Amino acid sequence: MIKQVTVFLENTKGRLAALTRALADANVNMEALTIAETSDYGLVRIICDKPVEAVAALDGAGFRAITTEVIAVVVPNRPGGLADLLEKLDALDLNIEYGYCFSAKAGEAVDVLKVSDPTRAVKAIEDAGFELAK
Amino acid sequence: MKKPQDILTAPHEELEAIQLEGIKKTVIKCYENVPFYHKLYDEAGFDPYAIESLDDLAKAPFTTKQDLRDNYPFKMFAVPQEDVREIHMSSGTTGIATVGGYTEHDLDIWGDCFARGVWYADGGPKDVMHVCYGYGLFTGGLGAHYGGVKAGCTTIPMSAGNTERQIRVLREMGSTILCCTPSYAMYLADTAIAMGLDPKKDFHLRVGIHGAEAFSDNFRAELEKKLGYKVLDVYGLTETMGPGVAIECMEQNGLHLAEDHFYAEIIDPKTGEVLPEGEWGELVLTTIDREATPVVRYRTRDITRIIPGECACGRTHRRIDRLHGRTDDMLIIRGVNVFPSQIEDVMKTFPQVSSWYQIELTRRNHLDVVTLKVEPNPDFDFDEVRAIEQLQRDISDRLKSALSVGLRVRIVEPKSIPRSEGKAVRVIDSRGDDQ
Ligand SMILES: [Zn+2]
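Heads up: these notes are all about the structure in this document. (Residues numbered from 1 in each chain as written. Chains lettered and ligands numbered in written order. Predicted model: local features only at pLDDT ≥ 70, side-chain atom pairs only at ≥ 80, totals over all residues. Heavy atoms only, no water.)

To continue, consider the pattern of salt bridges. Residues and elements named next belong to chain B. Counted by the stated rule, this structure contains 35 salt bridges over all chains. The residue glutamate 104 makes a salt bridge to arginine 85 at a minimum N-O spacing of 3.7 Å. Pair noted here: glutamate 104 is in helix H4 (residues 104-120) and arginine 85 is in the loop between helix H3 (65-70) and strand S1 (86-89), with a separation of 19 residues, a long-range link. In this structure glutamate 104 comes out as exposed when scored by relative accessible area, which is 57%. One salt bridge connects arginine 297 with glutamate 265, and the closest N-O pair in it is separated by 3.0 Å. (Salt bridge = Lys/Arg side-chain N within 4 Å of Asp/Glu carboxyl O. Helix = DSSP H or I, 4+ residues; strand = E, 2+ residues; numbered from the N terminus. Buried < 20%, exposed > 50% of the residue type's maximum accessible area, 1.4 Å probe, protein only.)

Turning to the environment of alanine 18 of chain A, a few remarks are in order. Within the element layout of this structure, alanine 18 of chain A appears in helix H1 (residues 15-25). For the pair alanine 18 of chain A and phenylalanine 63 of chain A, spaced 45 residues apart in sequence, the C-alpha to C-alpha distance is 9.7 Å.

Let us now look at the sheet that holds strand S12 (residues 298-304) of chain B. Residue and element names in this part refer to chain B. Ordered in space as S10-S11-S12, the three strands form an open sheet in which the pairing is antiparallel. The sheet is open, and its two borders are formed by strand S10 (262-267) and S12, each paired with just one other strand. On average, adjacent strands in this sheet sit at an angle of 30° to one another, irrespective of strand direction. Sheet topology places strand S11 (residues 281-287) next to S12; four bridges connect them, and they run antiparallel. Paired with valine 284 across the strands is arginine 299, a residue of S12. (Pairing = 2+ DSSP bridges. Axes fitted to C-alpha atoms, helices over the stretch in contact; angles between N-to-C directions.)

Ideal geometry at a metal centre gives angles of 109.5 degrees when four donors are arranged tetrahedrally and 90 or 180 degrees when six donors are arranged octahedrally. All names here are of chain B. Binding of the zinc ion to the protein goes through Cys249 (SG), His256 (NE2), Cys311 (SG) and Cys313 (SG), at separations of 2.1 to 2.3 Å. Taken together, the four donor atoms coordinating the zinc ion and their angles of 102 to 117° define a geometry best described as tetrahedral. Coordination of the zinc ion draws on donor residues from a single chain, spaced C-x6-H-x54-C-x1-C in sequence. One end of the pair, cysteine 249, is in the loop between strand S8 (242-248) and strand S9 (255-257); the other, cysteine 313, is in the loop between strand S13 (306-307) and strand S14 (319-320), and 64 residues separate them in sequence. Residue cysteine 249 is classed as buried on the basis of its relative accessible area of 0%. Owing to a relative accessible area of 26%, cysteine 313 belongs among the partly exposed residues under this scheme. (Donors = N, O, S within 2.8 Å, 3.2 Å for Na, K, Ca; no water. Tetrahedral: all angles 85-135°; square planar, octahedral: opposite > 155°, others 65-115°.)

See below:
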């Protein structure tokens, strides 16, 4: 399990730039950033090296940020890599709230998942021989 | 020795005798000195010399804000200019301002009325009163100031603005009583916390006397938690004097009217009929001993009620309930009357959102669209879009059943709803420009 930073952001001009600047000023290095968007607001989800410091820095800059425990799985960067993983979870009846992938280094992808029952999911993923990112 | 506080526990019959005597004099004085009242009473066939009981006052016609505007600036004055020591004006947000005049006696009464807030809190010369209502034509600043001086407090005339300096003075001068609008008190608390201070420890406040705008119980609780003091609601209006017409005691269960200076009636705003004690309606005030600008049966447009029974604090002056909005704050949404206080009552049942909110009224295709903007609290887990949408729907559903009208609820970023240094802007009505 790793800590993801989630930021509630209104769809106003310049907010995302201000957010990334605040993180840069706090010397936070981002590995992934995705946005779940609705017509009124967006949820920005960030994987970074210092999530707790990132939330404090964002709080200080006037953002509403929280940390959330998510599962990060290293999957081989080949066709079917993710499908194998998701089928395992599906078989266990685990509900995936959301997920996204990013490439950490060549040949490997990291798959971030928010799952309804993380403890069971972690065990299933490990049992299936996947590596969890730390 | 007789103290000014003695009147607060006088038997109610004694207060009624003072009221009857004062009303008789006021009505005659108005009739004889203010052409507006002379004409009004003659046209209504009301005999100002025939008042024999407090109930007889109900025969007199009302005075409205429009009447005061029509007689701007000095035609409502019942004394010559050389007896007037001070002038105040209500903000003329909807046109011409209304003017209140004060003789030396009127200023003395004003100080006495506001000082009651200090006395209710067992305060006096040992207290330092920090006044950051705006000083000037607005009655908040000087009204609180006169009250502080009258009660013997060391009174600091900070006026509004320059929040960092306010915070420095609050820390360094050991103020024990804070007088300002409730939204500004919250702004001070939030700013101090953002500066890394803990106002509960770094300030020395024990009481806040906050008025000039309505605030919910939830908002009060949040203020009390942040500042570590007790909040007393104060009511008043320039047209009858200013803050101090009624103030809460430490029981926080209604505001004691200054019944030796004001006579209160509650009427049905539609019919003008006087309502029995305990029923909600519009507050109508008559000044009992105001010299410069007396008013008879002034329609305040504030919605409240007289709380039946005696207060646990032992004071005999009757209490009005905390305001349930104003007749002119009342929003008419798709034909339904809605008071902002009803919205607040619903919001405080949701711990996920803060007490800051804003109502936006727009019109699309000739239909009213109401959007309620609310800010999430730090402990609300918004990681999933679903959670936000569920919360918006839950608030909306509960509002719908409480108000019988549908509102769109939108969670917005924290601190995105403006905190004014004066009055909070709760409602933005742009229904004029149909989209
Ligand atoms: Zn009381």
